[in-house]
Structures are given as structure tokens and as C-alpha cells.
Amino acid sequence: MFTVTFVLYEKDGLDRAESLRYWRDRHAPIVAKVPGVERYVQQHAVAAPDGQPPFLGVASLSFADQDAFGAAATSPEFAAALADVPNFADAGRLPTAFVEEVVIVG
């Protein structure tokens, strides 16, 4: 399994609850059309120890392998998903990493 993870930050001037709703209800169906996606998880930041979370949330997309991700990344569906990010998050701040899941419990 090959996973890419994105950290999303709030877009200035957009209500946080509205951003999360858009991400879940409008953006997710766009991402679901990306070829080769085997798993898509959104983790919405809803609270933090000191109050407001420092980011909107984290999204992870998993593919069979790096080649499957490479093919997906050049697809029009992937381009559409990236183009939609400014509708609910700060597209200028989109840290991205390829990650390896290490399960400790569960």
C-alpha cells in the first residue's frame, strides 16, 4: 500500500464548519473518482488542547503501490481534486508527504 497524506489549513474568510462540510460533502466525491484510490480518509480537526485546532484536518489517499499513485497523480480526476481545494481550504498551504503506516495498537 502506498499512501499520500495532505495537511489542510483553513481558508481565510471561510467559516470552519462550512469548510469541513464542503470538504466532506462536496470535495470527497471528487476525490473518490481519482483512479486507483483504494482508501480515502479525512480526519477533521474539531478541537485542540488549547482551543482552536492549528489546521483544518488531514487527508490520506492510499493506492496499491507507487506506480498506481503516479498514474493517478497525472489523471484529470486528480487535477480536478487539487483544483477544488481553494473552495474550502488554503491551497497555498498544502504540506504533502508519502507516509508509511506503522500500527502499534489495533
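Asker: Explanation requested: the pattern of salt bridges in the structure shown.
Answerer: Proximity of charged atoms lets side chains of opposite charge pair with each other. Counted by the stated rule, this structure contains four salt bridges. Two residues, Glu10 and Arg16, come together in a salt bridge whose shortest N-O distance is 2.3 Å. On the basis of relative accessible area, Glu10 is assigned to the partly exposed category, the value being 27%. Here Arg24 makes a salt bridge to Asp25, at a shortest N to O gap of 2.9 Å. What you see here is one network of salt bridges that share partners, running through Glu18, Arg21, Arg24 and Asp25.

Asker: Teacher, can you tell me more about helix α1 (residues 16-32) here?
Answerer: Note: α-helices contain 3.6 residues per turn, so residues at a spacing of three or four share the same orientation. The end-to-end C-alpha separation of α1 is 23 Å, in line with the 24 Å expected for 17 residues at 1.5 Å each. Within α1, the axis deviates most sharply at Arg26, by approximately 35°, and proline Pro29 lies no more than four positions further along. Of all the positions in α1, only Arg16, Ser19, Leu20, Tyr22, Trp23, His27, Ala28 and Val31 are classed as buried. Where α1 is buried, its residues meet β1 (2-8), β2 (39-44), β3 (57-63) and α3 (76-84). By the N-cap criterion, in which a side-chain oxygen at the helix start approaches the backbone nitrogen of a residue two or three places on, α1 is capped by Asp15, the distance to Ala17 being 3.2 Å.

Rules of the game
- Residues numbered from 1 in each chain as written.
- Predicted model: local features only at pLDDT ≥ 70, side-chain atom pairs only at ≥ 80, totals over all residues.
- Heavy atoms only, no water.
- Salt bridge = Lys/Arg side-chain N within 4 Å of Asp/Glu carboxyl O.
- Buried < 20%, exposed > 50% of the residue type's maximum accessible area, 1.4 Å probe, protein only.
- Helix = DSSP H or I, 4+ residues; strand = E, 2+ residues; numbered from the N terminus.
- Expected span 1.5 Å × (residues − 1).
- Bend = angle between axes of the 7 residues up to and from the residue.
- Contact = heavy atoms within 4.5 Å.
- Polar contact = N/O pair within 3.5 Å; in protein donor to acceptor, adjacent residues only side chain to side chain.

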